[in-house]
Amino acid sequence: MSVGGGLRLFGYPGTASMIPHLLLHELDAPFEWVHVDRTRDAHKAPDYLRLNPNGLIPVLVDARGRDEIVLFETAAIVWHLADTHPMGGLAPPLGTSARAHAYKWVAWLSATLQPTLIAWFYPERWVDVGDAAGAARVRAHAEVRIDGLLDQLDAHLGAPGPSGARWMLGDAYTLVDPYAFTLCRWTRTFARPARARPRLGAYLARVLERAATRRVLADEGVSPPYV
């Protein structure tokens, strides 16, 4: 939807831009989706690099106020959206233990799990050009690391009691959940994907039941398997 000077999310289906895309629909916030065609290197084009000199997706442009805000880094985007839509209740109140844990999990997802996944998908970035054997070793090490991190998520969801936590922060769905869901779905083709773990698999199924999730998957044209 086009809203002129409102919110614009620059993204590409199935990438990290799905995280703020999910959040925007959960918040029922009006925004414009700007398709950045990665297949044609649109994220490396001069116009896009003026928004994000790193040439990465996503970017959020918030032109609702007097000064236009241009944000890259997914973690910054989701915190900005949650904090500027407080009635959505997707960020715990400041100064609470829930808020502290939200900071922790968003940081963990963005700085621990996501970079390890990127190393699995693009191992050639960490070796010399043409070093296929080196790239294979990077991917193998990343896969072992990812396996342990997903086990950590599964254990976290089971920590509160025999029935486990419904959402990442307990009983309430928050900005942490679109992040966890999107990164977990990146493992859907792995030998042991996130969904193979009992609590994590049930958690992902719950996220898939949400209206906002179904809307985003349809809008982005994502095909099954979803997770």
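Residues numbered from 1 in each chain as written. Predicted model: local features only at pLDDT ≥ 70, side-chain atom pairs only at ≥ 80, totals over all residues. Heavy atoms only, no water.

Caption draft 1: Region of interest: the packing of aromatic side chains. Scanning the model with the defined rule gives 9 aromatic pairs in all. Consider the rings of Trp167 and Tyr173, whose centres lie 5.1 Å apart with planes at 85 degrees: the pair is edge-to-face. According to the relative accessible area criterion, Trp167 is buried, its value standing at 5%. By way of ring pairs, the aromatic residues Trp120, Phe121, Trp186 and Phe190 are connected into one cluster. Of note, Arg139 hangs over the ring of Trp120, and the distance from its end group to the ring centre comes to 4.2 Å. (Phe/Tyr/Trp six-rings, centres within 6.5 Å; stacked < 30°, edge-to-face > 60°. Buried < 20%, exposed > 50% of the residue type's maximum accessible area, 1.4 Å probe, protein only. Lys NZ or Arg CZ within 6 Å of the ring centre and 35° of its normal.)

Caption draft 2: Seen up close, the sheet that holds strand β3 (residues 59–62). Taken in spatial order, the 4 strands line up as β2-β1-β3-β4 in an open sheet, and their pairing is mixed. The sheet is open, and its two borders are formed by β2 (32–35) and β4 (69–72), each paired with just one other strand. Direction aside, the axes of adjacent strands within the sheet are offset by 20 degrees on average. Bridging between β3 and β4 involves 4 bridges; their strand directions are antiparallel. (Pairing = 2+ DSSP bridges. Helix = DSSP H or I, 4+ residues; strand = E, 2+ residues; numbered from the N terminus. Axes fitted to C-alpha atoms, helices over the stretch in contact; angles between N-to-C directions.)

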